[in-house]
Amino acid sequence: AKNESVRSYEGCKNQVKKYIKTDVPLNTINYEWLNYFILFKKSQGTGMPGINTYLRVLRALYKEAQRRTSLNINRENPFTGLIKNVAAAEVVDFDITDFKKLQNYTPKKFTSEKSAKNIKRKIAICLFQFAIGGHDLVDIANLKWKDIQKGRVKFKRYKNRNKPDGGLQINNLLVAEALKIIKNFGTLENERVFGFIPAPDAENYIDYRNNFNRSLREISKDLQFESILKSKSTRYIFRSLGGELLVNDLVIMQLQGHKPQGVTFNYQKNLPTKIIDEYIVKIVNEANLMVV
């Protein structure tokens, strides 16, 4: 009814149903219940980042229920101390020379022509993610033709869609390599630039993302990369390369749609596009992308 995504709630609901087998009152949720849920998920091979995601969704649901006084939900917070801080992004050990290997990758000998084309297309999307500032696959999937204006790409990150203002707007220069990928793989007949990727809210988007990651994993192994590439890896690679080039943090944060935190930044307006354009060109040129 609020036009907000419910995917996280549906996913969590499915996991809880596997855990409890039959329905139980919300007041059943206490420290002991949650602790056993954590152990249950660990026994299935789920890591703490995934478990924390489920716990946060459950906590949001539980707190909302507490606000409905007619439900008579216990007032204490059973989640206290259970949601642990875990390491943020996984380190991606990716050298700029690896870009050339990725661009020149040849699928295995007995790969069908159709599969080979799909692999090349996935590599192109991965390079496009990097070329526009290291943005998430979901934002590439959600990118519409109306977001391409006068050689620039303008959009708000999908992860911020439920914020009142939708978060910061990305307004990045489309470098020559990015424009070439759009020309070669863009779907003019579709509202979205890359219509072959399911829309983020489509049921099969997760399947596509998993398949995308599987392909990147196989490519990474074939090319003997130090790290396994994933759909979010280009975000880390772009940020790290910018740091190595001593690009100011404010520039990279604006390119990637991150808002600086702290009182002093309340007085900092967005940098002019002529400044951030200079540095996105510098970072992409350092990677020496050669899009075919």
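Preceding block: the structure.
Residues numbered from 1 in each chain as written. Predicted model: local features only at pLDDT ≥ 70, side-chain atom pairs only at ≥ 80, totals over all residues. Heavy atoms only, no water.

Undergrad: Now, about the overall build of the protein chain: what can you tell me, with residues and values included?
TA: When its secondary structure is counted, the protein chain shows eleven helices and three strands. Across the protein chain, helices and strands are ordered from the amino to the carboxyl terminus as α-α-α-α-α-α-β-β-β-α-α-α-α-α. Counting only C-alpha atoms and orienting by the principal axes, one finds that the protein chain spans roughly 60 × 55 × 40 Å. The 292 residues of the protein chain split such that 40% are buried. Pairs at least 24 residues apart make up 61% of the contacts formed inside the protein chain by residues separated by at least 6 positions. By element, 51% of the accessible surface of the protein chain is carried by carbon and sulfur atoms, the whole surface being about 17,500 Å². Averaging the positions of the 49 positive and the 29 negative side-chain charges in the protein chain gives two centres separated by 3 Å. (Helix = DSSP H or I, 4+ residues; strand = E, 2+ residues; numbered from the N terminus. Buried < 20%, exposed > 50% of the residue type's maximum accessible area, 1.4 Å probe, protein only. Contact = heavy atoms within 4.5 Å. Areas by Shrake-Rupley, 256 points an atom, 1.4 Å probe, with all protein chains shown as cover. Lys, Arg positive; Asp, Glu negative; His and termini not counted. Charge placed at Lys NZ, Arg CZ, Asp CG, Glu CD.)

Undergrad: Break down a negative patch on the surface for me, with residues and values.
TA: On the surface, a cluster of negative charge is contributed by Asp93, Asp95, Glu226, Glu244 and Glu286. By the element assignment, Glu244 lies in helix 9 (residues 233-244). (Patch = residues over 30% accessible without salt bridge, like charges linked within 9 Å, V, L, I, M, F, W, Y side chains within 5 Å. Salt bridge = Lys/Arg side-chain N within 4 Å of Asp/Glu carboxyl O.)

Undergrad: Which residues make up the pairing of strand 3 (residues 169-173), and what values do they have?
TA: On a regular strand, one side chain projects to one face of the sheet and the next to the other, so that they alternate. The alternating pattern of strand 3 places Ile170 and Asn172 on a buried face, while none of Gln169, Asn171 and Leu173, on the opposite face, is buried. Sheet analysis places strand 2 (residues 152-156) next to strand 3, joined by five bridges and oriented antiparallel. Directly across from Phe155, in strand 3, lies its bridge partner Ile170. (Pairing = 2+ DSSP bridges.)

Undergrad: Can you explain the packing of aromatic side chains? Please cite residues and give values.
TA: For the structure shown, the criterion picks out twelve aromatic pairs. An angle of 85° between the planes, with centres 5.0 Å apart, marks the rings of Phe94 and Phe99 as edge-to-face. Just as Phe94 is buried, Phe99 falls in that class too. Linked through ring pairs, Phe94, Phe99, Phe130, Phe225 and Phe238 together constitute an aromatic cluster. In this structure, Arg121 is placed above the aromatic ring of Phe196, and the distance from its NZ or CZ to the ring centre is 3.9 Å. (Phe/Tyr/Trp six-rings, centres within 6.5 Å; stacked < 30°, edge-to-face > 60°. Lys NZ or Arg CZ within 6 Å of the ring centre and 35° of its normal.)

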